[in-house]
Structure formats: C-alpha cells, structure tokens
Amino acid sequence: MSFPKGFLWGGATAANQFEGGWLEDGKGPSVPDHIRGGTVSTPRQWDKVIDENVYYPSHEAVDFYHRYAEDIALYGEMGFKCFRLSINWARIYPTGMEETPNEKGLEFYHKVFAECAKYGIEPLVTISHYELPWGLSEKYNGWTGREVIGHYLRYAKTLFTAYKDEVKYWLTFNEINIGAMPMGRIMSLGMQGTDGSPMFQATETPEEASDRFTALHHQFVASAQAVVMGHEINPDFRIGCMIAGTEMYPYSCNPADVKEAQDAMNMRNYFCGDVHVRGHYPYYAKRYWADRGITVRMEEGDLDILAKGTVDFYSFSYYMSSTCSTDPNVVEKAGGNMITGMKNPYLKASDWGWQIDPLGLRIYLNDIYGRYEIPLMVVENGLGANDERAEDGKFHDSYRIDYLRDHIKAMHEAVLDGVDLMGYTMWGCTDLVSASTGEMKKRYGFVYVDKDNDGNGDFHRERKDSFFWYKKVCETNGEDLD
Ligand code: BG6
C-alpha cells in the first residue's frame, strides 16, 4: 500500500521570510519588519523604530516578490502537487485598518496562483503567518485588542472572495499554540515589546499572561468566524488549523516525569487543537489559568462562536521531539525553535540542536488522529543546515535527503496504521530566512539561494541534490525514496 491517491506533496514558505519587497506596491510594514537578524546564541531584537542603518532580514528576504515565476517553475519541475505560502496581510491592508484593500497586493497573489495553476499545483494559503500589520500592533498592542478580530475578518473576507476560484485549502493562523507560551507574544500575537529587547520573552507577570491569553482567545474567535464565513463564500473550501507539533516524552518512567510531560503536551500542544477541532476550551485550561492568576477576557457569545467554527482538518509542523524531567540532575537542554525541553540521549540533533526523531512523527500522527479523527496534514518538516558548496561547485545535501526520507517513511507507517493523512509540504523548499534566528545560513531548501546572513548575494537559485531526490518522491507518490 502506498500513500493515498491525490496526496499533496509539496513545499512550504511564509511571506515575511520569503517575499521581501517589504514596502513595494503599497505594502505597509509588518511586525517582523521590526525584528533584526540574530544567531543561535544571539537573540533577535525587536525595535520599536526601524533603524535605517540596520539590516532587517524580512525587508528583502529572498526576493520571491520578484522571482515568483522562476520559483514556482522549479516547484513544477519537481512535480509539486501543493505549494504552501502565506499572504502578507500588510500587502493587502497596509496598516490593517483601511476600509478597502490594496489592489496591487491582491494582484500579486493572483499572479502567484496563476503560475501555480500552470503546473497543476494546489495552493495552500496561511492567512496569517507570524506577521501582523505594524499599524494594528501599535494601535491595539497586537491581538490583545478585540478590535483586531474585525480587522482580521475583513482581511479574510477579502481573500476568500478574491481567490474563491483559485484557492481551496486555507489555514487561519500559523502555529497558533506558540501564543500559548510567553515567547509567542511578539511573533505570534503581534504584541509590542520593550524597545531593543529580545523577540522571545521568557517570563511574564500574571497581568501580562492574562493579556496574552486574551490575545490568543481573540485569535480563536477570529479563526472560528473565518471558518464559518469561508464556508459560506465557497462550500468547497477546506479550512484547517496549524499547530507547532512536538511530541513531549517523559525523560524517565518516574511518574513525576510522566505527569510533567502530560502537562507540557496539554498546554503547549493540545490546548489550541482542542479549541479549534472540538470547539471548546479543554477542561485542564481552567486549572492552569487559576494556578497562575490568569484571567482571560471573553465576551458573551464567544463560546458559541468557537463551537460553530470548528476546522475541517488539522495541520502541523514537526521538526523534533523533546523530553520533560523533574530530576534536578538532568540539566542538559535541547535546542528547538520554540518548544524545548531536555536533551534526549537516544537522539542525534541538527547543527542547531534540534533533536531528530522520525519515529516521533509516527507517534505524533497516531496521537493526534486518535484524539480528533479528522484528516491531518504535515505542513512543515525539514532540516536546517549550513549547506556548503562542494569542490565540483554543487550542493550535495545527502544529510537532508536522509532526514526527509526517514520522516516520509515514518509518515508512511502512520498511513498504514490507519491515519488519514492529506499531504506533506516540506518547510523552506527554497532557502529562506529562519524565523527563530533570522539567519540565512540555516538553510532548509531543495533550492539554494545566493544570499548570506548580512544580506550579501545576488539571489540566484541553484538546485541541490535533494531537489532531484524529491522530484522522484513527488513523481512516484512517495514510492521511490532511494
Ligand atoms: C516553524 C515556523 O516554527 O518553523 C516557520 O512556522 C519557521 O516560520 C520554521 O521558519 C523553522 O524554524 P526556523 O527557526 O529554523 O526558521
């Protein structure tokens, strides 16, 4: 038995990490346009005012804005069935608050979808991927302001109407569960930081946590209303949620570690999926909030909205697993984008310390399918590595092929287990800017982009070995993985 017929093989990107053209054709600044580049040891910095003398990676990113036809042609050559991209909200509504959309912004994505159609590639659109128009962030402290729900819905309605016949698959928010952690304040919830401070905030007061969970509540309400609206505009739309997926293992069989891992899975992973898929807040959230003095500001009718706007499918990113320990002697931490824990002695890690665990993907798929029994899709997975040009001038990224092969095999096992899996879009199919560190050096792509951490390079594209390997995967529906 192979992968299901019509399985959506492809790649994934996000506007602020990929497009560039940050002020072109009427686009306004977004939150990521205020965030500097960093490294694994130097955190990215949030600036209230953009400093003209500083390099901000999103401003040019890798120039998809001008190179979309060439990029999509390469996806067509690989045999992609699906291309996940996000729409940059500030390209459509420059401050987020205009009454009418920026036509030039809408036109850009019409052109992108027309290119996809040429190669029979189905777009999968993330409505909001870690970027809020700066105007909304500043005026309302990001999603803390309830007004942002209305602005999001106007934006979503514009997209659903404009692209009604071009796009079938939608995701309301990228990795919404990052907002369930303090580090998600700026990146995921568009909240304002302290000028010059790191993008990821580690701790919060109860008042700050209350604002954050209120902001997240607003995203849930907006997502649920968007799902209902989207189905009214086109009943064929398939609208999903997107969760940063990480399997959290107990470090040992000590029941205290098992409980620690259960708590971590509940609030860091299941919490948002439970609201999106089941249509109500999970029971364990109440105790979590009470223990921490957190008050979530909800309005009458909100819970009915959540119940009505449940998603059609569950999508997620999967890069690694992590472990939880209560033993004070277990001190070695694992790396990770946002959800981190202790180092697992059974696993190897990437150069950025992310623990590589293909079997964890099979476990996660079974876990989530068993919980919700709705179709699943892996919309991000991949290996961030420092690709070096070989003596023959090419990029021989066999380590990436090994990583992807093992994860695809694990997915296949999950399909044999009975999991209903719709597709797989590998993250960063063309090299792009890293979200957590802002680096270019951390590359994921099948396609190399000539650009470095400081913005030098001419942006030209080159095929890596993994390009030719993935072409076979797409063409054989995952049968040929050699
Ligand atoms: C996910 C995000 O967390 O991981 C992407 O949705 C991000 O935006 C990806 O790029 C990989 O993380 P990083 O930090 O290596 O870019």
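Above this text you will find the structure in question.
About the thresholds
Residues numbered from 1 in each chain as written. Predicted model: local features only at pLDDT ≥ 70, side-chain atom pairs only at ≥ 80, totals over all residues. Heavy atoms only, no water. Core = buried A, V, L, I, M, F, W, Y, C linked by side-chain atoms within 4.5 Å. Buried < 20%, exposed > 50% of the residue type's maximum accessible area, 1.4 Å probe, protein only. Helix = DSSP H or I, 4+ residues; strand = E, 2+ residues; numbered from the N terminus. Patch = residues over 30% accessible without salt bridge, like charges linked within 9 Å, V, L, I, M, F, W, Y side chains within 5 Å. Areas by Shrake-Rupley, 256 points an atom, 1.4 Å probe, with all protein chains shown as cover. Salt bridge = Lys/Arg side-chain N within 4 Å of Asp/Glu carboxyl O. Lys, Arg positive; Asp, Glu negative; His and termini not counted. Charge placed at Lys NZ, Arg CZ, Asp CG, Glu CD. Polar contact = N/O pair within 3.5 Å; in protein donor to acceptor, adjacent residues only side chain to side chain. Contact = heavy atoms within 4.5 Å. Near = heavy atom within 4 Å. Nonpolar A, V, L, I, M, F, W, Y, C, P; charged D, E, K, R; others polar. Expected span 1.5 Å × (residues − 1). Pairing = 2+ DSSP bridges. Axes fitted to C-alpha atoms, helices over the stretch in contact; angles between N-to-C directions. Parallel < 35°, antiparallel > 145°, perpendicular 65-115°, else oblique. Left-handed = near helix turned anticlockwise from the far one by under 90°. Phe/Tyr/Trp six-rings, centres within 6.5 Å; stacked < 30°, edge-to-face > 60°. Lys NZ or Arg CZ within 6 Å of the ring centre and 35° of its normal.

1. Re the nonpolar core
Right, so step 1: Formed by 140 residues in total, the largest nonpolar core has its most connected members in Trp143, Phe271, Tyr314, Met411 and Tyr470.
Right, so step 2: The element contributing the most residues to this core is helix α9 (residues 206-233), with 11 residues.
Right, so step 3: In terms of nonpolar packing, the next biggest core, distinct from the first, is built from 10 residues, Leu8, Leu124, Tyr169 and Val379 among them.

2. Remarks on a negative patch on the surface
Right, so step 1: Taken together, Glu24, Asp25, Glu103 and Glu107 make up a surface patch of like negative charges.
Right, so step 2: In this structure, Glu24 sits in the loop between α1 (15-18) and β2 (45-46).
Right, so step 3: According to the relative accessible area criterion, Glu24 is partly exposed, its value standing at 31%.

3. Some details on the side chain of Ser322
Right, so step 1: Within the fold, Ser322 resides in strand β8 (residues 313-324).
Right, so step 2: Within the local environment of Ser322, its side chain forms a polar contact with the backbone nitrogen of Gly341, the two atoms lying 2.9 Å apart.
Right, so step 3: Sequence-distant contacts of Ser322, defined by excluding residues within four places in its chain, comprise Thr246, Glu247, Met248, Tyr249, Thr340, Gly341, Met342 and Gln355.

4. Description of the environment of Tyr403
Right, so step 1: Note on placement: Tyr403 falls in helix α14 (residues 398-417).
Right, so step 2: Judged by relative accessible area, Tyr403 falls into the buried class, the value being 4%.
Right, so step 3: Apart from the residues within four sequence positions on either side, Tyr403 is in contact with Tyr318, Tyr319, Ile356, Asn381, Gly382 and Leu383.
Right, so step 4: Here the side chain of Tyr403 touches Tyr319 through a polar contact of 3.0 Å, landing on its backbone oxygen.
Right, so step 5: Side-chain polar atoms of Tyr403 contact the side chain of Asn381, separated by 3.3 Å.

5. Quick word on the site of the ligand
Right, so step 1: As a structural note, the neighbourhood of the ligand is formed by 16 residues, with Glu175, Ala435, Ser436, Lys442 and Tyr444 the closest of them.
Right, so step 2: Between the ligand and His129, the relevant distance is 2.9 Å, taken from an oxygen atom to a side-chain nitrogen or oxygen of the residue.
Right, so step 3: A distance of 2.5 Å is found between an oxygen atom of the ligand and a side-chain nitrogen or oxygen belonging to Tyr444.
Right, so step 4: Relative to its unbound accessible surface of 380 Å², the ligand loses 100% to contact with the protein.
Right, so step 5: Split into classes, the residues belonging to the shell around the ligand amount to 7 nonpolar, 6 polar and 3 charged.

6. Considerations on helix α5 (residues 103-118)
Right, so step 1: Its 16 residues give α5 an end-to-end C-alpha distance of 23 Å, which sits within 8% of 22 Å, the value for a rise of 1.5 Å per residue.
Right, so step 2: Along α5, the residues that are buried comprise Gly105, Leu106, Phe108, Tyr109, Val112, Phe113, Glu115 and Cys116.
Right, so step 3: Residues of α5 that are buried sit in contact with α3 (64-78), β3 (82-86), α4 (89-92), β4 (122-126) and α7 (147-162).

7. Let's talk about the sheet that holds strand β5 (residues 169-171)
Right, so step 1: On the basis of which strands lie adjacent, the closed barrel formed by 8 strands has the order β1-β3-β4-β5-β7-β8-β9-β10 and parallel pairing. When the angles between neighbouring strand axes are averaged without regard to direction, this sheet yields 30 degrees.
Right, so step 2: Here 3 bridges tie β4 to β5, and the two strands are oriented parallel to one another. In the sheet register, Val125 faces β5, and the bridge partner there is Trp170.

8. A short note on the packing of helix α10 (residues 255-278) against helix α11 (residues 283-291)
Right, so step 1: Running from N to C, α10 and α11 point in directions that differ by 130 degrees, and their axes come no closer than 10 Å. Compared by their axis directions, α10 and α11 come out oblique. When the axes of α10 and α11 are compared, the crossing they make is left-handed. Across the interface between the two elements, Asn266, Met267, Tyr270, Phe271 and Asp274 from α10 touch Tyr284, Ala285, Tyr288 and Trp289 from α11.
Right, so step 2: Considering only residue class, the contact of α10 with α11 consists of 7 nonpolar, 1 polar and 1 charged.

9. Side note on the pairing of β3
Right, so step 1: Most of β3 is tucked away, with 5 of its 5 residues classed as buried.
Right, so step 2: Neither face of β3 is open: one carries Cys82, Arg84 and Ser86, the other Phe83 and Leu85, and all of them are buried.
Right, so step 3: Bridge count between strand β1 (residues 8-12) and β3: 3 bridges; the pairing is parallel. Bridge pairing in β3 places Gly11 opposite Phe83.

10. Points about the packing of aromatic side chains
Right, so step 1: Applying the stated criterion across every chain, the model contains 46 aromatic pairs.
Right, so step 2: Considering the side-chain rings of Phe3 and Trp9, the 4.9 Å spacing of their centres and the 80 degrees angle between planes classify their relative orientation as edge-to-face. Comparing Phe3 with Trp9 shows no difference in burial state: the two are buried.
Right, so step 3: Ring geometry for Phe316 and Tyr364: centres 4.8 Å apart, planes at 55 degrees, overall tilted. Linking Phe316 in strand β8 with Tyr364 in helix α13 (residues 358-372), this pair joins segments that are 48 residues apart in sequence. Taken as a pair, Phe316 and Tyr364 share a single burial class, namely buried.
Right, so step 4: Members of the aromatic cluster, joined through ring pairs, are Phe18, Phe64, Tyr65, Tyr68, Tyr75, Phe80, Phe83, Phe108, Tyr109, Phe446, Trp469 and Tyr470.
Right, so step 5: Looking at Arg371, its charged tip hangs above the ring of Tyr270, at a distance of 3.8 Å from the centre.

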